[in-house]
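# Coordinate inspection notes
Here's the letter readout for the chains.
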Amino acid sequence: MLRISPFWNSLLLLLAPVLLVLPLSPLATDLWAHHLLSSKLEQIQIAQQTRHQDLDQVLREQMGRFAFDCGSGDLALLRDPKFYNNHIRLQGLQLASGEGCSSLGPAIPPAAVGLSATYPSQERGLTATASQFDTEQELVAYFRIGGNTIYWVLNNSWTHDLLKTPCANCFFIEFTPLERGQHTQLFPRGERAIKEEPDSQSLSAVSPSSQLKQTLWAGAALREYAREQVYLYGFWGSVALGVVLVALYWLQRNYRRSLKSLLEAGIERREFTPFYQPIVDSRTLRVVGFEALLRWQRGGDQVSPGAFIDYAEEQGLIMPMTGQLLEQVIKDLCVLGAEQWVSVNLVAAHIEQPRLRELLQRHHWPSPLRLTFELTERNPITDIEGAAREITALQQRGYHFKLDDFGTGYGGFAYLQQLGIRQIKIDKMFVDTIGTNDLKRSVLDAIIAFGRESDMEMIAEGVETREQVEYLSQQGVYLIQGYVYGKPMSLAQLLKWQTLWQ
Ligand code: C2E
Ligand code: CA
Ligand code: CA
C-alpha cells in the first residue's frame, strides 16, 4: 500500500478544501447573487407592506380631526409628530376657499404637490410632486372632503436606503400596473442603467397592497459584489476548514502513535494474556475445549481485543502478541484436562508467511491435537496459495484449523476448499436468529445443511439460551460456545469453574 508522509498528508488536507472550492466559485457567485436579489425583493415587499399599514391607520385618524380653516388647530394637527412621521415628507391642506396651509406653515402651490387643475378629480387617490430641476418625484396621497383637500407628500427615501445595501448601485426597481392602461404613480428607483445591461437578471412580485407588479433588477455590480464575498468567505472558509482538518489529522495521528507506544509497552511488560471460553458438547455436557481470547491486562482492567486487535495487526504488533499468548496457552495446557484442546485466533499474516510455523517451532509443543487454530473469514486472505502451503505443512504435523465467523465474509466456501479446512464456527449473528423470523434464519439452516453434507465439524458461537442449544442440537450441531455455558475466564477462574461444572 502506498504510504504518504505526514508532511504531504497535511499539505494535501490543507489545500484540498481550497482546491475544491475554487472551481466551484463561479457557480457559487451566481447562486449568491440570485439569493441577494431575491432577498432584497422580499425585504422591499415587507417594508412596503409595513409602510402601507402604518400610513393607512394614521391618515384615517388624522383626516377626521381637521376643522379645515388652517387655524392653529389644523396647524397643530399637521405638525403633530404622531402624523408627521418618517413616512411623510410634507403635508398640507388646500381649502375650498383657495387658501391653504402646510406642515411648513404657508400653503404650497397646488401644482408643486401634483394638485394642479388637471389632477384626477376622485375623492381620494395618488398623484406626484412636480418634476422640477431634475429632482426625483415623490408620491402624493390626497383626500377630498367637502371641497377641501388634504395631501401628504410621501417620503420615498426608504427605497433608496433599502436599495443601497448590501452594495451601492446594485439594484434598480420599477413598478408596472397589473391592469394594462392603469395609471401608476410609482416611480422607478435605483440605477436605471442596470436594466439595459446585456446579462442583467430580474425578479418580480405582486404587491398585495396595490395592484402593482414590482420588478427588481440587478446586474454586473451585484455579481461583482457577490464574487468578492464568495472569494472572501469561500477562500478563508476553506483555509479554515483545511487548518481544522490538519489539526484533526495530527490529533488522530498522535492518538494512534500513543496507542502504538502503549501497545509496545504492553508487549514489553507481557500484559497480553489469554482468557478461556469453554466449548461444551451439549449431548454429554463434557467440556471438549476452549477458545483462547486475548485480553490486555492494564492495571486492574482487562481490555477486550475489539479495542486494539485491528490496529495491532495494522502496526505489525500482532506477531509478538500472538507469541506471548501462545506461550501462555502452551503453559496452561499442562494444567487443563488431557483430552481438552485450546483454539487460538490467527490473522492472515500468520499463515501467509511461515510465521506461525516459526512460533510453534520455537515453543516445541509436543501435542498438536490439543492446539488448534481459528482463521477468520471476516478479513480477506490475500495470498491464498501461500496460506494453503502453510496450512498444509502444519496439518501434516497434526494441527487443525477452524474457519471462524463462517458465513459473514465472502471467501468462506473458497477458503474451505483451497485451504482444506474441516471445521467451521457458526457466527453469533446467525445463532441470534433462532426463534425469530429473521431472514438470516434460513442462512443458518443452509450453513448447517452444508456443514452436515460436507461432514464438517461445527461449533456454534455466541449461544446464550437453552432454546438455541435445543434448536442447534435438533439440527445436529452439538459443540456449543457461549454465555449459556460460560463466559471467557482467566485460567484461575476457569479452574474453579471446571470444578463446579463437574
Ligand atoms: P471471535 O473469535 O468471534 O470470538 C468470539 C467473541 O464472542 C469473543 O469476544 C467472545 O467473548 C464473544 N462471545 C462468546 N460467547 C458469547 C455470547 O454468548 N454472547 C456474547 N454477546 N458474546 C459472546 P471477544 O473476546 O471480545 O473477542 C472479539 C474478537 O477479537 C474475537 O472474535 C476475535 O476475532 C478477536 N480476537 C480475540 N482474541 C484474539 C487473538 O488472540 N488474536 C486475534 N487475531 N484475534 C483475537
Ligand atoms: Ca474466534
Ligand atoms: Ca467467531
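As the structure is a prediction and not an experimental result, all values here were calculated from the model.

## Focus on the site of ligand 1
Residues in contact with ligand 1 amount to 21 residues; listed here are only the nearest, Q277, L294, R295, E464 and Y483. The backbone of L294 places a nitrogen or oxygen atom 3.0 Å from a nitrogen atom of ligand 1. At 3.5 Å from an oxygen atom of ligand 1 is found a side-chain nitrogen or oxygen belonging to E461. Relative to its free-state accessible area of 800 Å², ligand 1 is covered by the protein chains to the extent of 80%. Mapped by element, the contributors of at least two residues to the shell around ligand 1 are β12 (286-298), α7 (318-333) and β16 (400-406). Residue contributions to the shell around ligand 1 peak at four residues, all from β12.

## So, the sheet that holds strand β4 (residues 124-128)
Strand order across the open sheet formed by six strands is β3-β2-β1-β6-β5-β4, with antiparallel pairing between neighbours. Two strands in the sheet have a free side with no partner beyond their single neighbour: β3 (105-106) and β4. In this structure, strand β2 (residues 100-102) lies alongside β3, joined through two bridges in antiparallel fashion. Bridge pairing in β3 places C101 opposite P106.

## With respect to the coordination of the calcium ion (ligand 3)
Looking at the calcium ion (ligand 3), the protein donor atoms are D404 (OD), D405 (OD), E461 (OE) and E461 (OE), and they sit 2.2 to 2.7 Å from it. Sequence positions of the donors to the calcium ion (ligand 3) reduce to the motif D-D-x55-E. Separating the calcium ion (ligand 3) from the calcium ion (ligand 2) is a distance of 4.0 Å, and D404 supplies a donor atom to each of them. Within this pair, whereas D404 is found in strand β16, its partner E461 is found in strand β18 (residues 457-461), the two being separated by 57 residues in sequence. Look at D404 and you get buried, because its relative accessible area is 5%. Residue class for E461 comes out buried when judged on its relative accessible area of 11%.

## Digging into the pairing of strand β10 (residues 212-218)
Here is the key point about a regular strand: its side chains alternate between the two faces of the sheet. Most of β10 sits out of view: six of its seven residues are buried. Summarising the sheet, strand β7 (residues 171-177) and β10 pair through seven bridges and their orientation is antiparallel. Bridged to T176 within β10 is K213. In the sheet, strand β9 (residues 201-207) pairs with β10 via seven bridges, with the strands oriented antiparallel. The residue bridging A205 from the neighbouring strand is Q214, located in β10.

## Here's the deal with unusual backbone geometry
In most cases, non-glycine residues show a negative phi, while peptide bonds are predominantly trans. The omega torsion of the bond from T165 to P166 falls at -5°, within 30 degrees of zero and hence cis. Along the chain, the position of P166 falls in the loop between α3 (157-164) and β7. The phi dihedral of D405 falls on the positive side, at around 55°, and the residue is not glycine. Relative to the assigned elements, D405 resides in strand β16. Since its relative accessible area comes to 8%, D405 is described here as buried.

## Here's the deal with the nonpolar core
Residues L263, L371, F373 and F401 are the most contacted members of the largest nonpolar core, which totals 69 residues. Counting residues per element, this core draws most heavily on α7, which supplies six residues. If we skip the residues at most four places from it in the chain, L371 touches L326, V329, I330, L333, V342, V344, L360, W365, Y399 and H400.

## Structural notes on the packing of helix α9 (residues 355-363) against helix α10 (residues 384-396)
Contact geometry of α9 with α10 gives a least axis separation of 9 Å together with a crossing angle of 30°. By the angle between their directions, the pair α9 and α10 is classed as roughly parallel. Judged by residue contacts, L356, R357 and L360 of α9 engage E390, A393 and L394 from α10. In terms of residue class, the contact of α9 with α10 is made up of four nonpolar, no polar and two charged.

## Topic: the pattern of salt bridges
In the structure shown here, the tally under the stated rule is 18 salt bridges. Close ionic contact of E224 with R227 constitutes a salt bridge, the shortest N to O distance being 3.1 Å. One end of the pair, E224, and the other, R227, are both in helix α5 (residues 220-268), three residues apart, so they sit about a helical turn from each other. Relative accessible area serves as the criterion here: at 34%, E224 is assigned to the partly exposed category.

Rules used throughout
Residues numbered from 1 in each chain as written. Chains lettered and ligands numbered in written order. Predicted model: local features only at pLDDT ≥ 70, side-chain atom pairs only at ≥ 80, totals over all residues. Heavy atoms only, no water. Near = heavy atom within 4 Å. Polar contact = N/O pair within 3.5 Å; in protein donor to acceptor, adjacent residues only side chain to side chain. Areas by Shrake-Rupley, 256 points an atom, 1.4 Å probe, with all protein chains shown as cover. Helix = DSSP H or I, 4+ residues; strand = E, 2+ residues; numbered from the N terminus. Pairing = 2+ DSSP bridges. Donors = N, O, S within 2.8 Å, 3.2 Å for Na, K, Ca; no water. Buried < 20%, exposed > 50% of the residue type's maximum accessible area, 1.4 Å probe, protein only. Core = buried A, V, L, I, M, F, W, Y, C linked by side-chain atoms within 4.5 Å. Contact = heavy atoms within 4.5 Å. Axes fitted to C-alpha atoms, helices over the stretch in contact; angles between N-to-C directions. Parallel < 35°, antiparallel > 145°, perpendicular 65-115°, else oblique. Nonpolar A, V, L, I, M, F, W, Y, C, P; charged D, E, K, R; others polar. Salt bridge = Lys/Arg side-chain N within 4 Å of Asp/Glu carboxyl O.

The analysis is restricted to geometry; functional conclusions fall outside its scope.
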